[in-house]
Amino acid sequence: MKKILLIIAATVLVATALASGPDTALKPGDDFFAYANRGWLADTEIPAGKQRWGARNEIDARTRAQVVNVLEDAATQPVGSVARKVADFHAAYLNEAVIEVRGLAPLKPQLERIGGVRDKAGLTRYLGSTLRADVDPLNVGTYDSAHLLGLCVEQGNNGETTYVAFLLQGGLGLPDREHYVNPEPRMQALRVTYQAYIGRMLGLAGFDRPEQRAKAVLELETAIAQSHATREVSSNDRNADNLWTRADFAREAPGMDWTVFFAAGGLKKQMTFVAWQPGAVKGAAALVASRPLEAWQDYLRFHLLHRNADVLPAKFAEPALALQDAIAGAPQPRVRADRAFNATQRALSEAWGRLYVERHFSPEHKARVNAIVRNVVAAFEQRLDAVTWMTPASKKVAAAKLKTLYFGVGYPEKWQDYSDLKVEPTDAVGNLRRVEEHNYVQAVARLGKPVDRMEWSMAPQTVGAILLFQQNAYNFPAALLQAPKFDPAASDAMNYGAIGAIAGHEISHLFDTLGAEYEADGRNRRWWTPDDQSGYETATAALVSQFAAYRPFPDVAVDGKRTLTENLADLGGLAAAFDAHRRALGSKASDKEYVKEQDREFFIGFARSWRAKMTEAGMRAYVANDSHAPESYRIATVRNIDAWYEAFDVQPGHRLYLPRSERVRIW
């Protein structure tokens, strides 16, 4: 059995065989993590090849099985239904026999279109007609399109009340510009491999002189890459300030007829765009003017083959998979079923999510979690009012953010419409194209319309969550709302300790150093004053010191400053959730024994929601790199809550005991 390290305070504890339930032999005041998770620690082993395993991993594995079962049932539903479209997309992706028989036939119309481009005006028209909505800079952090340029239509960064059009860089077959310009030997070797791959794909498609064509394509693509912004530059939300009018495009990015480009993309009436990476837009236009038409045609042919390689015959798919291995520097998974599963998730995520929640997250579950969240929000509102380190004016901004917050639970309030999407069980290439076109039409249709603050950016079957500062919103998908994060069979007290504290954690980010950059309307403007910053630093100094004292090994300490934002969110979330839990007791709050019993369940729920194991190597890597403290230390946050001491009779001498004067209180 693999040796697992469970770390709390300055002590290294090795997991031992414990009966299920809290470990009554271990004092909660010495190691609350091990006390609350005794059964799980005894029964759980880290899978081979992993350095850590925790609640999130368990939920992820469970969700995968749930989603597969949903997919199997979807195949029995009527043709044309949303369920059947999901199943047919997946079936077509899996059907290698049909893919082999059809060969390149599904791409023939597009290849002929490329071959029919006769001049730069025709090239511009083609580029505009293949513009796709495959980027999302503000919500998801997708900064590069699979096409020369990519479109995104979402809320802006300056408090806009209608949707904004964003234009982003793209068109590279390697991950980013570094892979084209970095002089390191490995990158040089990768470029040689990539050029050979380009030639092979063009040769397989029947084009003569594939080596010469590949050389010209790589030269063009390298020039495109040289105009690209780095990932660091692209990740700056202030790029949203680069608002260009149509006249700006003509003046700042000459070389391409932008009127033709936008008209071909169905954007004739759109007069303004955010040029997220202006240099890339200028570079693309200049290269359209300066590079030979033949090089552009071969570039477009190659990328059409490259984007569709996984649903083309094996002679195309295998080289594409080999390129992925070369980029990663190690063999990547090649199981067809996994690739089909992931492709379906990407293409029809919300449609699949709708099927998922119909089976696994009922309206009753949504209502119960919503009730917990509402109560935690109310508790946080009172705590905000009592904060002493924040200036009165800033507290008003914080209160406005809390009042207008949309905390999405489980699934969207309104589902995406897939009625116009055609999916064929024997046309994998066509399905990919039609999904792209569907998404693009939906994006363009939003232009000029009021921003929907309740719009989701994450599918319900995603084991994750996302805070959307520009929308002043949070998405908490159904898949993550499973035990031990949320358990319908558990008591309210336990769920307040688990999902309630998690909700409080995320809510606190609206007002901390992250949320301080965004106002209630989503405007990217820092509303904290210098006095707020000074007060924050003074108030959090003790929490920094508390976590910096945790040493999983004599030569390793938690970085209290790097993990501060998340540690503070844990503390604020736990405190607000506890307040909400106590209020939810209602008339029973006068029964001291009942209250103590419920408080114990609350704190145990909190501890179990973050259960995790790590190997020594995993712990060292985590402490060195992550912005969160290890889960065992996060659970030790209970030592700052007075009621925890009363619930578990924690006394001086216990390892986690803190005198009242040393218990950190910030929110």
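For the structure given in this document, a descriptive report is provided here. Predicted, not measured: the structure shown is a model, and the values here were computed from it. (Residues numbered from 1 in each chain as written. Predicted model: local features only at pLDDT ≥ 70, side-chain atom pairs only at ≥ 80, totals over all residues. Heavy atoms only, no water.)

## A few points about helix α18 (residues 349-360)
Phase 1: Helix length check: α18, at twelve residues, gives a terminal C-alpha distance of 16 Å against a target of 16 Å (1.5 Å per residue), a fit within 8%.
Phase 2: Restricting attention to buried positions, one finds in α18 the residues E350, A351, W352, G353, L355, Y356 and V357.
Phase 3: Taken together, the buried residues of α18 touch α3 (55-74), α4 (82-94), α17 (336-347) and β8 (406-410). (Helix = DSSP H or I, 4+ residues; strand = E, 2+ residues; numbered from the N terminus. Expected span 1.5 Å × (residues − 1). Buried < 20%, exposed > 50% of the residue type's maximum accessible area, 1.4 Å probe, protein only. Contact = heavy atoms within 4.5 Å.)

## As for the sheet that holds strand β7 (residues 272-275)
Phase 1: With mixed pairing, the four strands of this open sheet are ordered in space as β4-β5-β7-β6. In this open sheet, the two strands that pair with only one neighbour each are β4 (149-154) and β6 (243-245). Sheet twist, expressed as the mean angle between neighbouring strand axes with direction ignored, is 35°.
Phase 2: Bridge count between strand β5 (residues 164-169) and β7: two bridges; the pairing is parallel. By the bridge assignment for β7, L167 is matched with A275.
Phase 3: Where helix α14 (residues 278-290) meets the sheet, it contacts β4, β5, β6 and β7, and its direction lies at approximately 35° from that of β6. (Pairing = 2+ DSSP bridges. Axes fitted to C-alpha atoms, helices over the stretch in contact; angles between N-to-C directions.)

## Quick look at the pairing of strand β10 (residues 473-477)
Phase 1: Of all the five residues making up β10, five are buried; the element is thus mostly covered by neighbouring parts of the structure.
Phase 2: Here β10 shows two buried faces, one formed by A473, N475 and P477 and the other by Y474 and F476.
Phase 3: Direction of pairing for β8 relative to β10: parallel, over a ladder of five bridges. Looking at the pairing, G410 lines up with P477 of β10.
Phase 4: The pairing of strand β9 (residues 466-468) with β10 spans three bridges and is classified as antiparallel. Note on β10: the bridge partner recorded for L467 is Y474.
Phase 5: Where β9 hands over to β10, the hairpin turn is made up of four residues, of which N472 adopts a positive phi near 50°.

## Here we look at unusual backbone geometry
Phase 1: Omega for the bond connecting A483 with P484 falls within 30 degrees of zero, at 10°, which places this linkage in the cis form.
Phase 2: For R209, which is not glycine, the phi dihedral falls at a positive 45°.
Phase 3: Following the sequence through the fold, R209 ends up in the loop between α9 (185-204) and α10 (210-227).

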